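One letter stands for each residue in the lines below.
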Amino acid sequence: MVGLTKAGGWLGMALAGATLLLGACKASDGDSGGGTLPAESGSPSGGDSGQPSFTHDTFRPDSGLDLVPEVTLGLRHVGRWDQTPVGGPYAAMTGELDVEELLDGNPARPWCRASFALTGLVIGADAGCDNCDTAYEIEFFLVSEGPTVEEQEDEVMVGGLADCYSPDLPSDGERWRMAWSEIDAEIYLDFYGSGIWLPWYAGESSHDRIDFSWVTLAAFHEPEMEE
């Protein structure tokens, strides 16, 4: 199993259940984000919260590598869209995205945290997302990052957006083309504005609101602190 490292870029990450998570380069400002998030990620209703098992590589049993990670990193993206006008057809949306990463998935050991406010306008019928009900061009605004007020008072070290290891996070002010598919229960992303729509977040809708999430666990190599 390959773990997460951060030395000038992605060196690789291993996901729950030995599923390989592929990182992708960040898009430039104004472009859509890229990369592929697994479609079987957790849903807003809870999903599978069991701990994954990390097995040894049977292809090279003589490698001598211990593939059971000493440290894991829980990756958690949770958010919502509120669509208007009430009842549709929709013309705009607002929402939020909260990103949190936890050492060994433990809420008492946060690694990084960032929260975004989202605003978007609907894209016309030529968006090109099959099975999608409504597509938006969404702008992400970074509203907070790092430790909470309580954590600051307790001198708990928590990184900001730049310290997160989740692949393809938006940057402050970046715009992505995204769409909701009721039949697939997925939010899709227009990959780098190419017109290729990839499943990005599992979600569920209730009236004009869409709740979405992505939760997984990855092997992690915790970098040494500089003196």
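Residues numbered from 1 in each chain as written. Predicted model: local features only at pLDDT ≥ 70, side-chain atom pairs only at ≥ 80, totals over all residues. Heavy atoms only, no water.

J.: So, the side chain of Glu100: which residues are in play, and what are the values?
T.: One can find Glu100 in strand S2 (residues 92-103). The exposure class assigned to Glu100 is buried, which follows from its relative accessible area of 18%. Side-chain polar atoms of Glu100 contact the side chain of Arg113, separated by 3.1 Å. The residues touching Glu100, leaving out its near neighbours within four places in the chain, are Gly74, Leu75, Arg76, Cys112 and Arg113. (Helix = DSSP H or I, 4+ residues; strand = E, 2+ residues; numbered from the N terminus. Buried < 20%, exposed > 50% of the residue type's maximum accessible area, 1.4 Å probe, protein only. Polar contact = N/O pair within 3.5 Å; in protein donor to acceptor, adjacent residues only side chain to side chain. Contact = heavy atoms within 4.5 Å.)

J.: Before we move on, can you summarise unusual backbone geometry with the specific residues and values?
T.: Glycine aside, residues mostly have negative phi, and peptide bonds are mostly found in the trans state. Going from Thr84 to Pro85, the amide bond is cis rather than trans, its omega being 0°. With respect to the helices and strands, Pro85 occurs in the loop between strand S1 (72-84) and S2. Cis geometry is found at the peptide bond from Gly88 to Pro89, where omega equals 0°. Its location among the elements puts Pro89 in the loop between S1 and S2. The residue Asp104 is not glycine, and still its phi comes out positive at about 55°. Topologically, Asp104 is positioned in the loop between S2 and strand S3 (110-122).

J.: Explain the state of the cysteines to me, and be specific about the residues and the numbers.
T.: Counted under the stated rule, the structure contains two disulfides. The partner cysteine of Cys129 in its disulfide is Cys132, sulfur to sulfur 1.8 Å. Side by side, Cys129 and Cys132 carry an identical accessibility label, which is buried. By sequence order of its bonded cysteines, the protein chain has the disulfide arrangement 1-4, 2-3. (Disulfide = S-S within 2.5 Å.)

J.: Describe the confidence of the model for the protein chain, listing the residues and the values that go with them.
T.: In regions of low pLDDT, the predicted coordinates are not meant to be interpreted in detail. Per-residue confidence for the protein chain averages 77 on the pLDDT scale, and 68% of its residues sit at or above 70. Below pLDDT 50 for its whole length, residues 5-40 participates in 106 contacts with residues either more than four positions away or in separate chains. (pLDDT = per-residue confidence, 0-100.)

J.: So, the sheet that holds strand S4 (residues 134-145): which residues are in play, and what are the values?
T.: Pairing is antiparallel around the closed barrel formed by eight strands, whose spatial order is S1-S2-S3-S4-S5-S6-S7-S8. Strand-to-strand, the axes of this sheet are offset by a mean angle of 30°, without reference to chain direction. (Pairing = 2+ DSSP bridges. Axes fitted to C-alpha atoms, helices over the stretch in contact; angles between N-to-C directions.)

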